[in-house]
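# Chains, contacts and geometry: an overview
Take a look at the letters that make up each chain.
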Amino acid sequence: MKRNIAILGSTGSIGTQALDIVRENSDHFEIYALTANENIDLLIRQAEEFSPEVVVIANENKYTRLKEALQHLPVKVWAGSESIAQVVQSEPIDMVLTAMVGYSGLKPTINAIKAGKVIALANKETLVVAGELITSLAIEHKVPILPVDSEHSAIFQCLNGERSPIEKIILTASGGPFRNHSAEQLAKVTKAEALKHPNWDMGAKVTIDSASLMNKGLEMIEAKWLFDVTPDQIEVVVHPQSIIHSMVQFEDSSIIAQLGLPDMHLPIQYALAYPNRLKSNFERLDFFKLKTMTFEKPDMERFRNLAFAFEAARVKGNMACIMNAANEIAVAAFLKDKVGFLEMSEVIEKTMHKTSFIQAPSYEDYVQTDTEARHIAKEFIK
């Protein structure tokens, strides 16, 4: 039987690659819903190819154009963030791939979990912002959360079939394009330079996060919740070749690693098809072409965002929510040339110190925290 899938963020990097998987495995998957934020032209082309039951555009100003463009198809056309949060509850959906960027993925993920849908999680910010709430809801509703990020997919695969407790998770990082830059050089980094990742093809926000190592900080917090470990059980290792996607060390000192070429199609397909592995024509790793694999310790004095993430994970409460909101504002400002590369960290640090801290936040507290932190971060940018 085909698995009915809703893809939230179908026009982004993860969403388009997921549709590659569906296209190649049409006997296994059916698209029920596609959602996008702004890219209406690509969303129209996707709807015409995959004939979903529903398409949703978050930007309500583009609803009329989308509706007119798809009027020849038997497809429902909705608009607005509330419609995205609503569509995930549709009865025929088996799995929701959350590939939206940032905080916007939180409410749809909560609704999908409450509706009993399997979650293929590519929106790491959902667990960063409200990890305790999300994991408790998943347990309550008996909903599996399948990781899509390459690092978390690697850890998940390493743990498959294991019964022994985790001693340590070794989270690998490419180090981004500036791992050998001095602080003086980092201060002069341009947007164009930061958007050129050495190994991965990703969206703009994730690429900037990777360059600043914030992406690895977000992934560390995500791993904490996905695999029920403490921040002290997670070690970040810079591995520039991006061949080992992550590792797990067990109590007997054994380490299991998952290897592969830096291509997101594999972890996406693994999540969509789990617990099965589908045959693929992906390029195979050739060990005889591998000249070297190296490992380094990350410099958290030059790349302070990673240190902020460990601090937020240890403080708990709504601190990671504060950090994430400030980072989203800082990255948006950097992409508009309003702040420098190192100034992003200054905005995040100041916002973490000034925003109201809540030790045991509710969902409403997270919403209020996100709003307050964004306002404060914008004030620092002014």
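All values reported here derive from a predicted model rather than from experimental measurement.

## Quick word on the overall build of the protein chain
Each helix and strand in the protein chain was counted, giving 16 helices and eleven strands. In terms of C-alpha radius of gyration, the protein chain reaches 20 Å, essentially the compact-globule figure of 21 Å for 382 residues. By principal-axis analysis of the C-alpha atoms, the protein chain measures approximately 55 × 50 × 40 Å. By the burial criterion, 54% of the 382 residues in the protein chain qualify as buried.

## Section: the UniProt feature "binding site: 1-deoxy-D-xylulose 5-phosphate" (unreviewed entry) in the protein chain
Following the UniProt record, one finds the feature "binding site: 1-deoxy-D-xylulose 5-phosphate" (unreviewed entry) at Lys124, Ser150, Glu151, Ser174, His197, Ser210, Asn215, Lys216 and Glu219. When only the residues just named are considered, the second largest pocket is lined by Ser150. Summarising the element assignment, Ser150 is placed in helix H7 (residues 150-159). One can find Asn215 in helix H11 (residues 214-226).

## Re the UniProt feature "binding site: NADPH" (unreviewed entry) in the protein chain
On the UniProt side, "binding site: NADPH" (unreviewed entry) is annotated at positions that read Thr11, Gly12, Ser13, Ile14, Asn39, Asn123, Glu125 and Gly203 here. Among the structural elements, Gly12 can be located in the loop between strand E1 (3-8) and helix H1 (13-24). What makes Gly12 partly exposed here is its relative accessible area of 31%. Structurally, the position occupied by Gly203 is in the loop between helix H9 (191-194) and helix H10 (204-212). Classification of Gly203 as partly exposed rests on a relative accessible area of 31%.

## Points about empty space enclosed by the protein
A full pass over the atoms with the stated rule returns one cavity of 30 Å³ or more. Of the volumes computed, that of the largest cavity is approximately 50 Å³. Forming the boundary of the largest cavity are Ser212, Arg302, Phe303, Arg304, Asn305, Phe341, Leu342 and Ser345. Each residue belonging to the lining of the largest cavity can be placed in one class, and the counts come to three nonpolar, three polar and two charged.

## As for helix H6 (residues 125-140)
Counting along an α-helix, one turn takes 3.6 residues, and residues three or four places apart therefore face a common direction. The first and last C-alpha atoms of H6 sit 21 Å apart over 16 residues, in line with the 22 Å expected at 1.5 Å per residue. Of all bends in H6, the biggest is about 100°, found at Gly131. All buried positions along H6 are accounted for by Glu125, Thr126, Leu127, Val128, Val129, Ala130, Gly131, Ile134, Thr135, Leu137 and Ala138. Lys142 lies just past H6 and shows a positive phi near 55°.

## Focus: a nonpolar patch on the surface
On the surface, Leu259, Phe287, Met293 and Phe295 cluster together to form a nonpolar patch covering roughly 360 Å² of accessible area. Turning to its location among the elements, Phe295 is positioned in the loop between helix H12 (265-273) and helix H13 (304-315). Classification of Phe295 by relative accessible area gives partly exposed; the value is 42%.

## Observations concerning the sheet that holds strand E8 (residues 166-173)
Think of a sheet as strands paired side by side through backbone hydrogen bonds, with each pair either parallel or antiparallel. One open sheet accounts for four strands, arranged E9-E8-E10-E11; its pairing is mixed. Looking at which strands have only one partner, the edges of the open sheet turn out to be strand E9 (234-238) and strand E11 (255-259). Mean inter-strand twist for the sheet, computed between neighbouring axes without regard to direction, equals 20°. Pairing of E8 with strand E10 (residues 244-250) involves four bridges; the strand directions are antiparallel. Its bridge partner lying in E10, Ile169 is registered against Val248.

## What to know about the packing of H10 against helix H14 (residues 319-335)
Packing of H10 against H14 brings their axes to within 10 Å, and their N-to-C directions diverge by 100°. Between H10 and H14, the angle is such that the two are roughly perpendicular. Of the residues in H14, those in contact with Ala204, Lys205, Ile208 and Asp209 of H10 are Asn327, Glu328, Val331, Phe334 and Leu335.

## Describing the packing of H11 against H14
Between H11 and H14, whose axes approach to 12 Å, the crossing angle comes to 155°. The angle between the axes of H11 and H14 places the two elements in the roughly antiparallel class. For the crossing formed where H11 meets H14, the hand is left-handed. Between H11 and H14, the residues in contact are Met214, Leu218 and Ile221 and Ala320, Met323, Asn324 and Asn327, respectively.

What counts, and at which threshold
Residues numbered from 1 in each chain as written. Predicted model: local features only at pLDDT ≥ 70, side-chain atom pairs only at ≥ 80, totals over all residues. Heavy atoms only, no water. Helix = DSSP H or I, 4+ residues; strand = E, 2+ residues; numbered from the N terminus. Rg over C-alpha atoms; globule rule 2.2 N^0.38 Å. Buried < 20%, exposed > 50% of the residue type's maximum accessible area, 1.4 Å probe, protein only. UniProt positions renumbered as here; feature names shortened; annotations may be inferred. 1 Å grid on protein atoms, 1.4 Å probe; cavity = no way out; pocket = protein on both sides within 12 Å on 5 of 7 lines; lining within 4 Å. Points joined across faces, edges and corners; volume = space filled by probe spheres on them. Nonpolar A, V, L, I, M, F, W, Y, C, P; charged D, E, K, R; others polar. Expected span 1.5 Å × (residues − 1). Bend = angle between axes of the 7 residues up to and from the residue. Patch = residues over 30% accessible without salt bridge, like charges linked within 9 Å, V, L, I, M, F, W, Y side chains within 5 Å. Areas by Shrake-Rupley, 256 points an atom, 1.4 Å probe, with all protein chains shown as cover. Salt bridge = Lys/Arg side-chain N within 4 Å of Asp/Glu carboxyl O. Pairing = 2+ DSSP bridges. Axes fitted to C-alpha atoms, helices over the stretch in contact; angles between N-to-C directions. Parallel < 35°, antiparallel > 145°, perpendicular 65-115°, else oblique. Contact = heavy atoms within 4.5 Å. Left-handed = near helix turned anticlockwise from the far one by under 90°.

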